[in-house]
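In case you want the letters, here they are:
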Amino acid sequence: MNDTNDAPATGAGTDPGVSAGADGNTGDAGFRCGFVAIIGRPNVGKSTLMNRLIGQKLSITSRRPQTTRHRIAGVMTTDRVQAVFIDSPGFQQRNGGPLNRVLNRTAQQVAQDADVVLLVIDAARWTAADAQAAALLPAGKTAMLVLNKIDAVPDKARLMRIVQQAQQVRAFDEVVPVSARNGKQVDLLMRLCAERLPLAPPMFGPDELTDRSERFLAAELIREKLFRQLGDELPYDCTVVIDQYEESPRLRRIHASILVDRDAQKPIVIGAGGERLKRIGTQAREDLERLTGSKVYLELFVKVRSGWADSEKSLRAYGYE
Ligand SMILES: Nc1nc2c(ncn2[C@@H]2O[C@H](COP(=O)(O)OP(=O)(O)OP(=O)(O)O)[C@@H](O)[C@H]2O)c(=O)[nH]1
Ligand SMILES: [Mg+2]
């Protein structure tokens, strides 16, 4: 299965429309800067939304739940505001193994540290998992309900019912229906976020897009291709590590390993005659060349590391916070 239904990242918010600060200041004194956490259950489109908000394909997305495993910042800067969006792993209602525990802790921490929290839900329904995520939002924090995927919900009366259900769990400061896929109302969401950020100087340089290294983004892009190529065939216990990353101005030479949990999973990743691994490599290389603006030489290996996701200690060794 090849999941290519990714939203094109054309960018919504070149101008989030914050004029002077609330105190009427202009210039540096009126500059707003802060963190916007993107929270919600798996697969509601959090990463697609962040990419759309910042106008870049930064966070990986796929049709499968639990695509995002690491918090990642996406920075949007204008001459008046800097919004630092934090994409987080989808919030799990079931208490699964160590990986789920770590992912939930990450999501909760992200919400705690933010100036504004966006609870993203699928506009088609309000689920018990949404209610649980809403109930866990820190009290007293600016929180907005984002109903995503409105392109797929023709019945607008349904949205009203969902909003009522959500408001019973948490009094949201704003309710914003959007489509991360086609960008509808994402500029409005950007404006509402910007208005709520505190008056503060920028934390990132004007051209900085993320807090993550190129090496991290490379591993994530390979994992995205793996997820998209494998569909439902492989359980979640695979990850990607970068073994070697050589950087010169016009070339990146990268060796990466895909770690699977069991011997039997290896041929699934490699595919008949190595076809699948080759496709994963080609697609990842193309994305990496776009991201780095340089030529990329990518070599992929598949290795068995039994139990890599079985304990929090080994998860830490593989970069999970
Ligand atoms: N129709 C439609 N689909 C969308 C929209 N936004 C995202 N999707 C799709 O929803 C799926 C999940 O998107 P992601 O952005 O990976 O979702 P996520 O919430 O980050 O998922 P996790 O990282 O697993 O928690 C992908 O197939 C997206 O293409 C939207 O506005 N409309
Ligand atoms: Mg995600």
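Note that the coordinates shown come from a computational prediction; the quantities given were computed from them, not determined experimentally.

A short note on the site of ligand 1
Okay, step 1: In the region of ligand 1, 26 residues are neighbours, and Gly45, Thr61, Thr68, Gly90 and Arg181 sit closest.
Okay, step 2: Ranked by the residues each element gives to the shell around ligand 1, the list is headed by helix 1 (residues 46–54), at three residues.
Okay, step 3: Split into classes, the residues belonging to the shell around ligand 1 amount to seven nonpolar, 13 polar and six charged.

Quick word on the sheet that holds strand 9 (residues 295–304)
Okay, step 1: With mixed pairing, the three strands of this open sheet are ordered in space as 7-8-9. With partners counted over all chains shown, the strands left at the sheet margins are strand 7 (238–248) and strand 9, one partner each. Taking each pair of neighbouring strands and ignoring which way they run, the sheet shows an average axis angle of 15 degrees.
Okay, step 2: Looking at chain direction, strand 7 and strand 8 (residues 251–260) are connected through 10 bridges and run antiparallel. Looking at strand 8, one finds that Thr239 is bridged to Leu259.
Okay, step 3: In the packing of helix 6 (residues 214–230) onto the sheet, contacts are made with strand 7 and strand 8, and the angle to strand 7 comes to roughly 135 degrees.
Okay, step 4: Along the sheet, helix 8 (residues 275–292) makes contact with strand 8 and strand 9, crossing strand 9 at roughly 140 degrees.

Focus on the confidence of the model for the chain
Okay, step 1: When pLDDT is averaged along the chain, the result is 87; 88% of the residues meet or exceed 70.
Okay, step 2: A low-confidence stretch, residues 1–27 (pLDDT under 50), is modelled with 51 contacts involving residues beyond four sequence positions or located in other chains.

Considering unusual backbone geometry
Backbone geometry follows two general trends: most residues other than glycine have a negative phi, and most peptide bonds adopt the trans configuration.
Okay, step 1: Even without being a glycine, Asn43 presents a positive backbone phi close to 75 degrees.
Okay, step 2: Among the structural elements, Asn43 can be located in the loop between strand 1 (32–39) and helix 1.
Okay, step 3: For Asn43, a count of 17 C-beta atoms within 10 Å puts it in the partly exposed group.

Observations concerning the sheet that holds strand 1
Okay, step 1: Ordered in space as 2-3-1-4-5-6, the six strands form an open sheet in which the pairing is mixed. This sheet does not close on itself; its edge strands, each paired only once, are strand 2 (72–77) and strand 6 (174–177). Between one strand axis and the next, the sheet turns by 25 degrees as a mean value, whatever way the strands run.
Okay, step 2: One ladder, built from seven bridges, connects strand 1 with strand 3 (residues 81–87); its direction is parallel. Within the sheet, the bridge partner assigned to Gly34 lies in strand 3 and is Ala83.
Okay, step 3: Across the sheet, helix 4 (residues 156–169) touches strand 5 (142–148) and strand 6, and the angle it forms with strand 5 is around 150 degrees.

What counts, and at which threshold
- Residues numbered from 1 in each chain as written.
- Chains lettered and ligands numbered in written order.
- Predicted model: local features only at pLDDT ≥ 70, side-chain atom pairs only at ≥ 80, totals over all residues.
- Near = placed C-beta within 6 Å.
- Helix = DSSP H or I, 4+ residues; strand = E, 2+ residues; numbered from the N terminus.
- Nonpolar A, V, L, I, M, F, W, Y, C, P; charged D, E, K, R; others polar.
- Pairing = 2+ DSSP bridges.
- Axes fitted to C-alpha atoms, helices over the stretch in contact; angles between N-to-C directions.
- Contact = placed C-beta atoms within 7 Å.
- pLDDT = per-residue confidence, 0-100.
- Buried ≥ 20, exposed ≤ 12 C-beta atoms within 10 Å, placed from the backbone.

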